[in-house]
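# What the coordinates show
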Amino acid sequence: MSVVPAQARPSGITGGSAPAKAAAPAGEAGGADVPAPLAAGARLFPSLVAVYRAQLSRARVARIPLLFVATFQSVGIMVLMRGVVDGGAEARSVVAGSSVLVVAFVALNLLAQYFGQLRASGGLDHYATLPVPPSAVVLGAAAAYASFTVPGTAVTAVVGSVLFQLPMAHLWILAAVIPLSGAALAGLGAALGLLAPRQELATLCGQLGMSAALLLGVLPAERMPEVVSYARDLLPSTYGVEALARSFDAQPDWLAVGADLGVCAGVAVVSLAAATWAYRRAAVR
């Protein structure tokens, strides 16, 4: 029988002695179970970017045909109004209202339908399990849907300017009108979709909102009854329409344009906050 030499024995093991007891895992000392610490919650901006990219890639193929329909619809409205309106302030209102109508079709109508479908199908449970703030979900989806309106709104504004012979020197104002109007209408659309008790009602609310943007935004304000003009002032897209219409003047009143955009920005903050509250309310049910 062979004998293992003493120098070949592992260190810490002596002849006849029991092996050393393994150290207890961390968190089990003294027999008490200590829960592992949770990871830190995701920050708003990285979560917003992640949701925005996911929504943009998901809706890219499905929403492009609808964006074409929205642009074709707005251009068709301007062609029809060309036989009624010759120029002046009415032409500026028609072109501005038709351009912002593209934003209303996507950001208000489609987003209301999307969140209504998401709530009805239980898709909110997926977002509720993610470690992202509720505001990131609402803002990311709203920003993704508003992004689809950029080419259609620009094309509509250019075609309308050529059709009614309006100056295009200040069309750069679209860089402010599109995101502010889109944010205001997207927040309203998301709130309608999340608060509607049924998916069909969410679709109906989105359609009614787009119809209101069509009737109150495209038609010249001077031809509306006084009672209807009050309803026009309550529509978030009205101030984006007014800002764009003022930019067609030879010498725009930039103070008034800034005031309209400021009101639009304030409405956007309120509507997005309401949409965030509606998301939290719908997610816990």
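Everything numeric in this text was worked out from a predicted model, so none of it was measured.

Reading the values: rules and limits
- Residues numbered from 1 in each chain as written.
- Predicted model: local features only at pLDDT ≥ 70, side-chain atom pairs only at ≥ 80, totals over all residues.
- Heavy atoms only, no water.
- Phe/Tyr/Trp six-rings, centres within 6.5 Å; stacked < 30°, edge-to-face > 60°.
- Helix = DSSP H or I, 4+ residues; strand = E, 2+ residues; numbered from the N terminus.
- Buried < 20%, exposed > 50% of the residue type's maximum accessible area, 1.4 Å probe, protein only.
- Contact = heavy atoms within 4.5 Å.
- Core = buried A, V, L, I, M, F, W, Y, C linked by side-chain atoms within 4.5 Å.
- pLDDT = per-residue confidence, 0-100.
- Expected span 1.5 Å × (residues − 1).
- Bend = angle between axes of the 7 residues up to and from the residue.
- Salt bridge = Lys/Arg side-chain N within 4 Å of Asp/Glu carboxyl O.

### As for the packing of aromatic side chains
Within the structure shown, the criterion is met by 4 aromatic pairs. On the basis of an interplanar angle of 25 degrees and a centroid distance of 5.3 Å, the ring pair of Trp172 and Trp254 is categorised as stacked. Here Trp172, found in the loop between α5 (149-163) and α6 (174-195), pairs with Trp254, found in helix α10 (residues 254-283); they are 82 residues apart in sequence, far enough to count as distant. Among the aromatic side chains, those forming a connected cluster through ring pairs are Tyr114, Phe115 and Tyr145.

### Remarks on the environment of Leu171
One can find Leu171 in the loop between α5 and α6. Judged by its relative accessible area of 14%, Leu171 is buried. If near-sequence neighbours (up to four positions away) are discounted, Leu171 is found in contact with Ala157, Val158, Ser161, Leu244 and Phe248.

### What to know about the nonpolar core
Counting 63 residues, the largest nonpolar core has Leu111, Phe115, Phe164 and Leu244 as its most contacted members. Those elements giving two or more residues to this core turn out to be α1 (44-82), α2 (89-120), α3 (124-129), α4 (134-147), α6, α7 (199-218), α9 (237-246) and α10. Considering every element that reaches this core, the biggest residue donor is α2, with 18 residues. With residues up to four places along the chain from it excluded, the contact list for Leu111 reads Val106, Ala141, Ala142, Tyr145, Ala186, Gly189 and Ala190.

### Overview of the confidence of the model for the protein
For the protein, per-residue confidence averages 81 on the pLDDT scale, and residues scoring 70 or more make up 82% of the total. Long-range and interchain partners of residues 1-31, a stretch whose pLDDT sits below 50, account for 5 contacts in this model, where long-range means more than four residues apart.

### Here we look at the side chain of Ser93
Checked against the element boundaries, Ser93 lands in helix α2. Among residues more than four places away in sequence, those in contact with Ser93 are Gly217, Val218, Pro220 and Val241.

### What about α2?
Taking 1.5 Å as the rise per residue, α2 with 32 residues should run 46 Å; its terminal C-alpha atoms sit 44 Å apart, in good agreement. The principal kink in α2, of about 30 degrees, is found at Ala104. In the segment just after α2, Gly122 is the residue with positive phi, at about 80 degrees.

### Some remarks on the pattern of salt bridges
Between side chains of opposite charge, a pair can form when the charged atoms approach closely. Summed over all chains, the structure comprises 4 salt bridges. Among the ionic pairs, Arg198 bridges to Glu200, the shortest N-O distance being 3.6 Å. Side by side, Arg198 and Glu200 carry an identical accessibility label, which is exposed. With its nearest N and O atoms 2.8 Å apart, the salt bridge here joins Glu242 to Arg232. With Glu242 in helix α9 and Arg232 in helix α8 (residues 226-234), the pair connects residues that are 10 residues apart, well separated along the chain.

### What to know about unusual backbone geometry
Although it is not a glycine, Gln165 sits at a positive phi angle of roughly 55 degrees. Residue placement: Gln165 occurs in the loop between α5 and α6. Of the residues examined, Gln165 reaches a relative accessible area of 72% and is grouped as exposed.

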